Amino acid sequence: MSAITIYLALGTNLGERAENLRRALGALPPAFTVEATSPIYETEPMYVTAQPKFLNMVCRATTSLLPLEALQALKLLEAELGREPAIRFGPRLIDIDLLFYGDIVFESPDLILPHPRLHERAFVLVPLADIAPDFIHPVLKQTIASLRDQLGDAKDSVWPIHWVNGLNGFSR
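Here, residues in each chain are numbered from 1, in the same order as that chain's written sequence. Confidence filtering applies because this is a predicted model: local features only for residues at pLDDT of at least 70, side-chain atom pairs given and counted only at 80 or more, and all residues used for totals across whole chains, interfaces and linings. To obtain the side-chain values, all non-hydrogen atoms of the structure were used and water was disregarded.

1. A closer look at a nonpolar patch on the surface
Together, V105, V139 and L140 make up an exposed nonpolar region whose accessible area comes to about 240 Å². Helix and strand labels come from DSSP, where a helix needs a run of H or I of at least four residues and a strand needs a run of E of at least two; each type is numbered from the N terminus. Considering the arrangement of structural elements, one finds V105 in the loop between β5 (95–101) and β6 (106–107). For V105, a relative accessible area of 55% translates into the label exposed. Candidates for patches are residues over 30% relative accessible area with no salt bridge; among them, like charges are joined within 9 Å and nonpolar side chains (Val, Leu, Ile, Met, Phe, Trp, Tyr) within 5 Å. For the area figures, the Shrake-Rupley method with a 1.4 Å probe applies, and any residue is considered shielded solely by the protein chains shown. Whenever a carboxyl oxygen of Asp or Glu lies within 4 Å of a side-chain nitrogen of Lys or Arg, that contact is scored as a salt bridge. The rule is simple: take the accessible area with a 1.4 Å probe, protein chains only, and divide by the maximum for that residue type; under 20% is buried, over 50% is exposed, in between is partly exposed.

See below:
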């Protein structure tokens, strides 16, 4: 199979958050070839709000893996990076979500593509619009920039991080 373009969301709110993102990006190859990364944003937690703030980002990559193989590889990578089973939407060392697999619409018990909640998540749409503003959601038939703009005040919970000394420190 030839390589297909995918988009991944990465998030972390435990431990050395910036280092967690750096390690996750570095661990994606060879199964995933990273082509572009968004800026990193600090974000308020959703769903379960009594937890630390997240660092979130998005990357565009290519892979030759099939969708379920890609999901399996990402879940294995999360475990190798130290993610442990916990409450849904709770604190996590690393989270890597498969947002888009080309323009494929796919549903199985383990995976829904495009990601079924990405259109309601500022922490995904804001960084995704940085690297793919004109990408058209294959189900909603709107650009990522348009979906981001529809979030209204929800965008206010996503703050860009200004890096100092690479990934060793940051300020807002």
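Here the narrative resumes.
2. Concerning the environment of A154
Along the chain, A154 turns up in the loop between α4 (144–149) and β8 (158–160). The spatial distance from the C-alpha of A154 to the C-alpha of A122 is 6.2 Å, given a sequence separation of 32 residues.

3. Some words on unusual backbone geometry
A cis amide bond links P29 to the next residue, P30, at an omega of 5 degrees. With respect to the helices and strands, P30 occurs in the loop between α1 (17–27) and β2 (33–37). Here the amide bond leading from L113 into P114 is cis, since omega sits at -10 degrees, within 30 degrees of zero. Considering the arrangement of structural elements, one finds P114 in the loop between β7 (112–113) and α3 (122–131).

4. Re the pairing of strand β1 (residues 4–12)
For β1, the buried fraction is high: eight of the nine residues fall into the buried class. Pairing geometry for β1 and strand β4 (residues 54–63), over nine bridges, is antiparallel. Across the sheet, residue L10 finds its bridge partner in β4, namely M57. Sheet analysis places β1 next to β5, joined by six bridges and oriented antiparallel. Of the residues in β5, the one forming a bridge with Y7 is F100. Here the rule is simple: two strands pair whenever DSSP picks up at least two bridges between them.

5. A word on the nonpolar core
Formed by 26 residues in total, the largest nonpolar core has its most connected members in I6, L8, L10, I96 and L98. Counting residues per element, the ones that place at least two in this core are β1, α1, β4, α2 (67–80) and β5. Throughout, a contact is declared for two residues whenever any of their heavy atoms are within 4.5 Å. Those residues in contact with I6, other than ones at most four positions away along the chain, are F32, C59, R60, A61, T63, L98, F100 and Y101. By size, the runner-up hydrophobic cluster in this structure holds 20 residues, among which are A9, L118, V126 and I131. Remark: nonpolar core denotes a set of buried residues (Ala, Val, Leu, Ile, Met, Phe, Trp, Tyr, Cys) joined through side-chain atoms within 4.5 Å.

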